[in-house]
Amino acid sequence: MAEKSGFNKSIDELTAEIAQSRERVARDLRGVKYELDLPAKFRRSFREQTVSWLTAAAAVGALIALAPMRKKKIYVDAKNSRKSKKKLVETGFALGMLKIAANLARPVIVEFVKNRLTDLGGKSRRKT
């Protein structure tokens, strides 16, 4: 037999059903918003697992620093200076990007060290 249509329901039942549907949609939307808030997830993860993040950052930094340490012979051709100019531009660009990254990371590192030093001094800060 066919399902009953919604025309036979009372107005109070339909209103309650609509309210429940709105609550469900709002709850699902809050869940999606929570899952897509990546900056908050990174901040929370860094707060909870600071040592792991710093260890991983140090390992990646060491890997980047030690990777090009292999001995490589470079022959310079005085006639062809375009290659050396290109290398100079690439090096300058890399150093510029490194400086920008260091300037962006400096406040985070300073705040972290400041918080750790105050916690070690016996003044533990609690968030409410």
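In this text, all values refer to a predicted model and were calculated from it rather than measured experimentally.

Below, the discussion takes up the overall build of the protein. Within the protein one finds four helices and zero strands. Buried residues in the protein amount to 2% of all 128 residues. Roughly 12800 Å² of accessible area belongs to the protein as shown, and the carbon and sulfur atoms make up 64% of that amount.

For the protein, mean pLDDT is 81; residues scoring 70 or higher make up 81% of the total. No element of the protein has a lower mean pLDDT than helix H4 (residues 82–120), which averages 84, and none a higher one than helix H1 (residues 11–36), which averages 91.

The next point concerns the pattern of salt bridges. Here the structure, examined in full by the defined rule, presents two salt bridges. Between Glu 35 and Lys 41 there is a salt bridge, and its shortest N-O distance comes to 3.1 Å. For Lys 114, the salt bridge identified is with Glu 111, shortest N-O distance 3.8 Å. With Lys 114 and Glu 111 both in helix H4, this residue pair falls three residues apart, about one helical turn.

We now examine the side chain of Thr 50. As for its placement among the helices and strands, Thr 50 is situated in helix H3 (residues 50–66). A distance of 3.4 Å separates a polar side-chain atom of Thr 50 from the backbone oxygen of Arg 47. Residues within four places of Thr 50 in sequence aside, it is in contact with Ser 45, Phe 112 and Arg 116.

Look at H1 against helix H2 (residues 38–48): their axes get within 6 Å of each other, and the N-to-C directions meet at 60°. With respect to H2, the axis of H1 lies oblique. Across the interface between the two elements, Tyr 34, Glu 35 and Leu 36 from H1 touch Leu 38, Lys 41 and Arg 44 from H2. Per-class residue counts for the contact of H1 with H2 are three nonpolar, no polar and three charged.

Further remarks concern a nonpolar patch on the surface. Taken together, Val 108, Ile 109, Val 113, Leu 117 and Leu 120 make up a surface patch of nonpolar side chains, about 510 Å² in accessible area. On the secondary structure map, Ile 109 appears in helix H4.

Moving on to the packing of H2 against H3. Running from N to C, H2 and H3 point in directions that differ by 100°, and their axes come no closer than 5 Å. What the angle tells us is that H2 and H3 run roughly perpendicular. Residues Phe 42, Ser 45, Phe 46, Arg 47 and Glu 48 of H2 form the contact with H3, whose own contacting residues are Thr 50, Trp 53 and Leu 54. A per-class count over the contact of H2 with H3 returns four nonpolar, two polar and two charged.

Further remarks concern the packing of aromatic side chains. In the structure shown here, the tally under the stated rule is two aromatic pairs. When the ring of Phe 42 is compared with that of Trp 53, the centres are 6.1 Å apart and the planes differ by 80°; the resulting orientation is edge-to-face. Of the two residues, Phe 42 is situated in helix H2 and Trp 53 in helix H3; the sequence distance between them amounts to eleven residues. Note on Trp 53: relative accessible area 34%, which makes it partly exposed. For the ring pair Phe 46 and Phe 112, a centre distance of 6.1 Å and an interplane angle of 65° mean the geometry is edge-to-face. With a gap of 66 residues between them, Phe 46 in helix H2 and Phe 112 in helix H4 connect regions that are remote in the sequence.

Thresholds, definitions, all that
Residue numbering note: each chain is counted from 1, following its sequence as written. Only residues with pLDDT of 70 or above have their local features reported here, since the model is predicted, and side-chain atom pairs are shown and tallied only from 80 upward, although totals for entire chains, interfaces and linings are computed over all residues. Only hydrogens and water are set aside; all other atoms, that is, all heavy atoms of the structure, feed into the side-chain values. Think of it this way: any DSSP run of H or I at least four residues long counts as a helix, any run of E at least two long counts as a strand, and we number them from the N terminus. Here the term buried applies to any residue with accessible area under 20% of the maximum for its type, exposed to any over 50%, and partly exposed to those in between, with areas from a 1.4 Å probe on protein chains only. Note on areas: these come from Shrake-Rupley sampling with a 1.4 Å probe, and a residue is covered only by the protein chains present in the view. Confidence of the predictor at the level of single residues is given by pLDDT, which spans 0 to 100. Note on definitions: salt bridges are taken to be side-chain nitrogens of Lys or Arg within 4 Å of carboxyl oxygens of Asp or Glu. Under this definition, polar contacts are N or O atom pairs within 3.5 Å; protein pairs additionally need one hydrogen-donor-capable and one acceptor-capable atom, and for neighbouring residues in sequence, both atoms have to be side-chain atoms. Every residue pair with non-hydrogen atoms within 4.5 Å of one another is taken to be in contact. Axis definition: a line fitted to C-alpha atoms, limited for helices to the stretch in contact. Angles are taken between N-to-C directions and run from 0 to 180 degrees. Angular relationships are summarised with four words: roughly parallel below 35 degrees, roughly antiparallel beyond 145, roughly perpendicular across 65 to 115, and oblique for the angles in between. The residue classification treats Ala, Val, Leu, Ile, Met, Phe, Trp, Tyr, Cys and Pro as nonpolar and Asp, Glu, Lys and Arg as charged. All others, Gly included, are polar. A patch consists of residues exposed above 30% relative accessible area that lack any salt bridge, with like charges linked at up to 9 Å and nonpolar side chains (Val, Leu, Ile, Met, Phe, Trp, Tyr) linked at up to 5 Å. Stacked, tilted and edge-to-face are the three classes applied to pairs of Phe, Tyr and Trp rings, where Trp contributes its six-membered ring and a pair requires centres within 6.5 Å; stacked means planes under 30 degrees apart, edge-to-face means over 60, and tilted covers the rest.

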